[in-house]
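# Close look at the chain arrangement
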Amino acid sequence: MENEKPKFSRADSRSADALRTISFKPGVAPNATGSVLACFGDTKVICACTAEKRVPPWMGSSPSKGWISAEYAMLPYSTLSRKQRASSAGKVDGRSVEIQRLIGRSMRAVADLEKMPGITLWIDCDVLQADGGTRTASISGAYVAAKIAVGKLLRAGEIPADPFVDSVAAVSVGILEGTRVLDLPYVEDKDADVDANVVMTGKGRFVEIQATGEEASFSDEDLKELLSLAKKGISEIALLQEAAIASAEEECVSGAAEGGGLL
């Protein structure tokens, strides 16, 4: 029919409920206690976790627990037009501050900090290439890097037990041309009517939901379906995280990739 609406299709031909090609490649920053290159399609983020035997001053001189903090930055060449470094601009931009706080909150939400007394896990997320979903890739990769670091601390006897009580990952969802879609690259994200980032644990509990209508609104049914779509994607990401952590564990046990330790 002449007036029939064109069938919705994605730029990369994925189905609406399919993730981009996702991978976690451990060991990219050998001086860190744990590291991984997190790739969500063309979005690539180095996530490195460094363990330090100290905690923030506000925790006191004899802390009964540890801390997890994060920093996030987009490297100058990560976008099509050069992005100025925070050191040159004289301050960290508001978006970066928001994202690094989100990464830190996400990690602490699944950690028992009393199992790492006196130790801080610093997680640095540096975006090498941005194509949508840099915060979700950072969170998902940060967990992998932190788990690799914790494994090394456990083997060295630096902590009594694994502080992580659950896994955590994140993914974007949205509504594009009336269709609910999973894991949006930039070309979809910029045109989406509704954009959401969902952080969830491996047990299916929410850590954070950021949902916004872009010159549009959405219904409670839309939100319910978007969260269901995110849950599907995060369960798939969790399997990839587990495989990457297991792979790094095997290499460390064999002595092939011990990397950095406690500073």
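Please refer to the structure placed before this passage.
All of these numbers come straight from a predicted model, not from anything done at the bench.

### Observations concerning the packing of helix 2 (residues 94-109) against helix 3 (residues 134-155)
Orientation of helix 2 relative to helix 3, taken along the N-to-C sense of each, is 35°, at an axis distance of 10 Å. Like other packed secondary-structure pairs, helix 2 and helix 3 cross with a definite hand, here right-handed. Counting all contacts with helix 2, which are made through Arg95, Glu98, Ile99, Leu102, Ile103, Ser106 and Met107, the residues of helix 3 involved are Thr134, Arg135, Ser138, Ile139, Ala142 and Tyr143. Along the lines of polarity and charge, the residues of the contact of helix 2 with helix 3 split into seven nonpolar, three polar and three charged.

### Some words on the sheet that holds strand 4 (residues 67-74)
Spatially, the five strands line up as an open sheet ordered 1-2-3-5-4, and their pairing is mixed. Each end of this open sheet is capped by a strand with a single partner; those strands are strand 1 (22-26) and strand 4. Along the sheet, successive strands turn relative to each other by an average axial angle of 20°, direction set aside. Sheet topology places strand 1 next to strand 2 (residues 34-40); five bridges connect them, and they run antiparallel. From the neighbouring strand, Lys25 faces strand 2, where its bridge partner is Leu37. Against the sheet, helix 3 contacts strand 1, strand 2, strand 3 (43-52), strand 4 and strand 5 (120-129), and its axis sits at roughly 35° relative to strand 3.

### Here's the deal with the sheet that holds strand 7 (residues 179-182)
Sheets are built from strands paired through backbone hydrogen bonds, the pairs being either parallel or antiparallel. Spatial ordering of the open sheet is given by 7-6-8-9, a layout of four strands whose pairing is antiparallel. Every other strand in the sheet has two partners, leaving strand 7 and strand 9 (206-213) as the edge strands with one partner each. Shown here is a sheet whose adjacent strand axes are inclined to one another by a mean of 15°, direction ignored. In terms of strand pairing, strand 6 (residues 168-176) meets strand 7 through four bridges, oriented antiparallel. Bridged to Leu176 within strand 7 is Thr179. Contacts from helix 2 reach strand 6, strand 8 (194-201) and strand 9, with the element oriented near 150° to strand 9. The strands touched by helix 3 are strand 6, strand 8 and strand 9; relative to strand 6, the strand with the most contacts, the crossing angle is about 160°.

### A short note on the pairing of strand 9
Where a strand is regular, its side chains alternate between the two sheet faces. Summarising the sheet, strand 8 and strand 9 pair through seven bridges and their orientation is antiparallel. Bridge assignment links Val194 to a residue of strand 9, and that residue is Gly213. If you look at the hairpin formed by strand 8 and strand 9, you'll find four residues sitting between the two strands, and Gly204 has a positive phi there, around 85°.

### So, the pairing of strand 6
Of all nine residues in strand 6, nine are buried; the element is thus mostly enclosed. Sheet topology note: the strand 6/strand 8 ladder contains eight bridges and is antiparallel. Residue pairing for strand 8: Ala169 is matched across the bridge by Met200. Two successive antiparallel strands, strand 6 and strand 7, enclose a turn made up of two residues, where Glu177 displays a positive phi of approximately 55°.

Definitions and cut-offs
- Residues numbered from 1 in each chain as written.
- Predicted model: local features only at pLDDT ≥ 70, side-chain atom pairs only at ≥ 80, totals over all residues.
- Heavy atoms only, no water.
- Axes fitted to C-alpha atoms, helices over the stretch in contact; angles between N-to-C directions.
- Helix = DSSP H or I, 4+ residues; strand = E, 2+ residues; numbered from the N terminus.
- Left-handed = near helix turned anticlockwise from the far one by under 90°.
- Contact = heavy atoms within 4.5 Å.
- Nonpolar A, V, L, I, M, F, W, Y, C, P; charged D, E, K, R; others polar.
- Pairing = 2+ DSSP bridges.
- Buried < 20%, exposed > 50% of the residue type's maximum accessible area, 1.4 Å probe, protein only.

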